[in-house]
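Take a look at the letters that make up each chain.
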Amino acid sequence: AQKITQTQPGMFVQEKEAVTLDCTYDTSDPSYGLFWYKQPSSGEMIFLIYQGSYDQQNATEGRYSLNFQKARKSANLVISASQLGDSAMYFCAMREERSNYQLIWGAGTKLIIKP
Amino acid sequence: DSGVTQTPKHLITATGQRVTLRCSPRSGDLSVYWYQQSLDQGLQFLIHYYNGEERAKGNILERFSAQQFPDLHSELNLSSLELGDSALYFCASSARGGGLTDTQYFGPGTRLTVL
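Report follows, based on the coordinates. (Residues numbered from 1 in each chain as written. Chains lettered and ligands numbered in written order. Predicted model: local features only at pLDDT ≥ 70, side-chain atom pairs only at ≥ 80, totals over all residues. Heavy atoms only, no water.)

Check the secondary structure of chain A and you find zero helices and 12 strands. Each helix and strand of chain A, ordered N terminal to C terminal, gives the series β-β-β-β-β-β-β-β-β-β-β-β. Radius of gyration (C-alpha) of chain A: 14 Å, near the 13 Å computed for a compact globule of 115 residues. Reported as C-alpha extents along the three principal axes, the dimensions of chain A are approximately 45 × 25 × 20 Å. Out of the 115 residues in chain A, the part that is buried amounts to 50%. Taking contacts inside chain A between residues at least 6 apart in sequence as the whole, the part at least 24 apart equals 54%. Counting every atom, chain A has about 5500 Å² of accessible surface; 49% of that belongs to carbon and sulfur. A gap of 3 Å separates the mean positions of the 11 positive and 11 negative side-chain charges of chain A. (Helix = DSSP H or I, 4+ residues; strand = E, 2+ residues; numbered from the N terminus. Rg over C-alpha atoms; globule rule 2.2 N^0.38 Å. Buried < 20%, exposed > 50% of the residue type's maximum accessible area, 1.4 Å probe, protein only. Contact = heavy atoms within 4.5 Å. Areas by Shrake-Rupley, 256 points an atom, 1.4 Å probe, with all protein chains shown as cover. Lys, Arg positive; Asp, Glu negative; His and termini not counted. Charge placed at Lys NZ, Arg CZ, Asp CG, Glu CD.)

Here the focus is the state of the cysteines. Applying the stated rule across the entire model yields two disulfides over all chains. Note on cysteine connectivity: C23(A) is disulfide-linked to C92(A), with sulfurs 2.0 Å apart. A torsion of -60° about the S-S bond marks the disulfide between C23(A) and C92(A) as left-handed. Of this pair, C23(A) sits in the loop between β3 (19-21) and β4 (24-25) while C92(A) sits in strand β10 (residues 88-96), and the two are 69 residues apart along the sequence. Overall, the relative accessible area of 0% leaves C92(A) in the buried class. Disulfide partner of C23(B): C91(B), at an S-S distance of 1.7 Å. (Disulfide = S-S within 2.5 Å.)

The next point concerns the pairing of strand β4 (residues 31-38) of chain B. Residues and elements named next belong to chain B. Burial analysis of β4 places eight of its eight residues in the buried class, which makes it a mostly covered element. Because side chains alternate across β4, one face comprises the buried residues S31, Y33, Y35 and Q37, and the other comprises V32, W34, Q36 and S38, equally buried. Here β4 pairs with strand β5 (residues 42-50) via eight bridges, running antiparallel. Paired with Q36 across the bridge in β5 is Q44. (Pairing = 2+ DSSP bridges.)

Quick look at the interface of chain A and chain B now. Across the contact, 19 residues belong to chain A and 20 residues belong to chain B. Buried area between chain A and chain B, summed over both chains or domains, comes out near 1600 Å², and the portion from carbon and sulfur atoms is 59%. When the buried area of chain A at its contact with chain B is split by residue, M45(A), R95(A) and Q102(A) rank highest and sum to 34% of it. Connecting chain A to chain B are zero salt bridges. Counting every contact that joins chain A to chain B gives four residue pairs in polar contact (both at pLDDT 80 or more). It is strand β5 (residues 32-39) of chain A that provides the largest number of residues to the side of chain A that touches chain B, a total of five residues. Grouping the amino acids of the side of chain A that touches chain B by side-chain chemistry returns 10 nonpolar, six polar and three charged. (Buried area = accessible area lost by both parts, 1.4 Å probe. Salt bridge = Lys/Arg side-chain N within 4 Å of Asp/Glu carboxyl O. Polar contact = N/O pair within 3.5 Å; in protein donor to acceptor, adjacent residues only side chain to side chain. Nonpolar A, V, L, I, M, F, W, Y, C, P; charged D, E, K, R; others polar.)

Another point: the nonpolar core. All names here are of chain A. The biggest cluster of nonpolar side chains holds 26 residues, and the ones touching the most others in it are Y25, W36, I49, L77, Y90 and L111. Going through the elements one at a time, β2 (10-14), β3, β5, β6 (46-52), β8 (64-69), β9 (74-79), β10 and β12 (109-114) are the ones with two or more residues in this core. Of the residues forming this core, the biggest block, four residues, is contributed by β10. Discounting chain neighbours no more than four positions away, the residues touching L111 are M11, V13, V19, I79, D86, S87, A88 and Y90. (Core = buried A, V, L, I, M, F, W, Y, C linked by side-chain atoms within 4.5 Å.)

All names here are of chain B. Reading across from one edge, β1-β3-β8-β7 is the order of the four strands in this open sheet, with antiparallel pairing throughout. Strands with a single pairing partner mark the edges of an open sheet, and in this sheet they are β1 (5-7) and β7 (64-68). Recorded for the sheet is a direction-independent mean angle of 15° between the axes of neighbouring strands. Judged from the five bridges that link them, β7 and strand β8 (residues 74-78) form a sheet pairing that is antiparallel. Bridging across to β8, Q68 finds its partner in S74. (Axes fitted to C-alpha atoms, helices over the stretch in contact; angles between N-to-C directions.)

Okay, here's the thing in structure tokens:
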């Protein structure tokens, strides 16, 4: 069974609009962490944001925030005021104790920002 | 720039050959992870080393091997190469040996093409 599901293979968004990238996860471990990474066309994998299962508040890092809904097992990435440079693949990943803390990856969402 | 370096950036070789990919982790990081990213398989975890010792194995073929040296750099050896081994190979490093908040920072990757 898929542990990390990113249902949007691709998205087009107008520049300056906010965008939400969906991520749902499946775990019965009470302790887990969720990560988002960005992969531009140049290929490197860039860490964006982290949310722990016990964190009381949603994580934020600059224009990135995480809409963490624990009961729904979702950890959507929100990018505010999108820029052309945000065009990239975005991956959601999870780490849980029972998987020996190895990162489990989603299939990714390709985001294209239109000028 | 994540601080993780990988060489070479690109590698073109023939089937049946052997290649070595090199990774230097961020200063102070003790863990090195290797991943394979191909178009049809997504991001696959290969192996994790912590302070010179193998910590976890993922979907690593027997034709592949890795090691982490006393100076903490790591090498991934790929032998008897097949066309299907063509992929982007990432190295990532983290400060510790795992745990929920032990964020992995990725290198720029080595693009391997097997002809």
